[in-house]
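Fold and geometry: a report
Okay, here's what each chain looks like letter by letter:
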Amino acid sequence: MLKFPDNFFWGAATSSYQVEGSNRLSDWWQWEEEGKLKYKSGLACRHYELYKEDFDLAKSLSHNAHRLSIEWSRIEPREGEFSSKEIAHYVDVVTALKERGIEPVITLHHFTNPAWFTDKGGWLHKKAPEYFLRYTEKIVEALCNKVRFWVTINEPMVYSYHAYVIGIWPPMKKSISNLEKIGNVFVKSHILAYRSIHNIYRKNNLKPPYVSVSKNMQCFEPIDCSFKNILAVKLRNKIFNFAVIEKMIREKTLDFIGLNYYTRQVADVKSFNRYRLLTDICMKKTSDIKKNYLGWDVYPEGLYRLFLKLKKYNLPIFILENGICTTQDNERWEFIREHLKFIHKAISSGVKVIGYLYWSLLDNFEWHEGFSPRFGLIEVDYNTYKRTVRESAKKYSHVCKTGELAP
Ligand code: BGC
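Residues numbered from 1 in each chain as written. Predicted model: local features only at pLDDT ≥ 70, side-chain atom pairs only at ≥ 80, totals over all residues. Heavy atoms only, no water.

Brief notes about helix α13 (residues 329-348)
- For α13, which comprises 20 residues, the first-to-last C-alpha distance of 29 Å matches the rise-based estimate of 28 Å (1.5 Å per residue) to within 8%.
- Looking at α13, one finds that the buried residues are Asp-329, Arg-332, Trp-333, Phe-335, Ile-336, His-339, Leu-340, Phe-342, Ile-343, His-344 and Ala-346.
- Of the residues one or two after α13, Gly-350 is the one with positive phi, at around 95°. (Helix = DSSP H or I, 4+ residues; strand = E, 2+ residues; numbered from the N terminus. Expected span 1.5 Å × (residues − 1). Buried < 20%, exposed > 50% of the residue type's maximum accessible area, 1.4 Å probe, protein only.)

Spelled out as structure tokens, the structure:
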């Protein structure tokens, strides 16, 4: 049996816009209404109303941790105006987790913004970090006595890339120069938020919280040993995987590394310019490899390779997302099992992994891909909103309960 540490965190993650439904004051909703996006999120999973039932299911599956995000547009629907009703809602949500013995891991920004913020210029606005800080302080003041784990920003580089470089997410800006620009705005926003969150805990005589980002990392590999492909991998590792966390570590503003891992990417650069070096990928060579429903490689070993690169930072690592969308539920369990084996191997070789959160607890709204990719441990029927626990969830639940995995 592979035995995981006793105090390991086991559970799943969600994000507000993807599960709550009716986030009408968010920029994403506004762009859906204006017909700029192919799919509408609508009621999503109705998790805003059904969160207690969903947490009952998480508890029944022996989860002891759960990651969710706060919808900024609910907390600050109009610039400078804060909703005490919505703040109270999230206090109730977090209380519901605690009552079930589930550790809340709270994300402050998961891809969506209040519409007013985006209308003003979004993350390109010079005061963006201050706006984010003001919202952060409101919600952290309200939740500090219940929450130990904070994630300031989900996947800063994934978001910058989709929203500001290739422009397929709101606000649909297209410029390669935005990549590092927005990345740096997120670093600044994180640093301000980190310091302020710690101050709030100090001021309230609370034990220091654990604050991080959730950093998507891919395992980058070159298709061959040519200079351009080796260079592409180097650049991608630097820009997409490590630059952001290294800046945060330098400022002593990461208490742990929040890691989101899904896939590997094979670089196959067709022509030698910065854009192509960062974006050209090969799907061909990897056709023998298993893929998820969206065509991403399933590559558990890549997680182990990243662990070895992250070891030098000497920080605890919390897997905040790892998951597969598939129509074959047996592939989900296989995916979880194989990744857990590599996590166990990493722990045995001295990497301090403190928890694993599967993406996602529920099937949900997968951004520009709509509702068809099914990532959930729990199936959602979008006509009736009925939840059905999948077999993979039950198998994973056994690991959550016992901390043991058959080799
Ligand atoms: C994001 C989630 C998304 C998942 C699957 C992550 O990059 O944080 O919001 O649903 O990947 O694509």
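Concerning the site of the ligand
- All residues adjacent to the ligand are Gln-18, His-110, Phe-111, Asn-154, Glu-155, Tyr-262, Trp-296, Glu-321, Trp-359, Glu-366, Trp-367 and Phe-375.
- Within the contact set of the ligand, an oxygen atom lies 2.8 Å away from a side-chain nitrogen or oxygen of His-110.
- The separation between an oxygen atom of the ligand and a polar side-chain atom of Glu-321 is 2.8 Å.
- For the ligand, whose accessible area on its own is 300 Å², the fraction buried by protein is 95%.
- Counted by class, the shell around the ligand contains six nonpolar, three polar and three charged residues. (Near = heavy atom within 4 Å. Polar contact = N/O pair within 3.5 Å; in protein donor to acceptor, adjacent residues only side chain to side chain. Areas by Shrake-Rupley, 256 points an atom, 1.4 Å probe, with all protein chains shown as cover. Nonpolar A, V, L, I, M, F, W, Y, C, P; charged D, E, K, R; others polar.)

Re the pairing of strand β2 (residues 9-13)
- The element β2 is extensively covered by neighbouring structure, given that five of its five residues are classed as buried.
- Sheet topology note: the β2/strand β9 (residues 353-359) ladder contains five bridges and is parallel. Bridged to Gly-11 within β9 is Leu-357.
- Note: β2 against strand β3 (residues 65-69), three bridges, orientation parallel. If you follow Ala-12 over to β3, its bridge partner there is His-66. (Pairing = 2+ DSSP bridges.)

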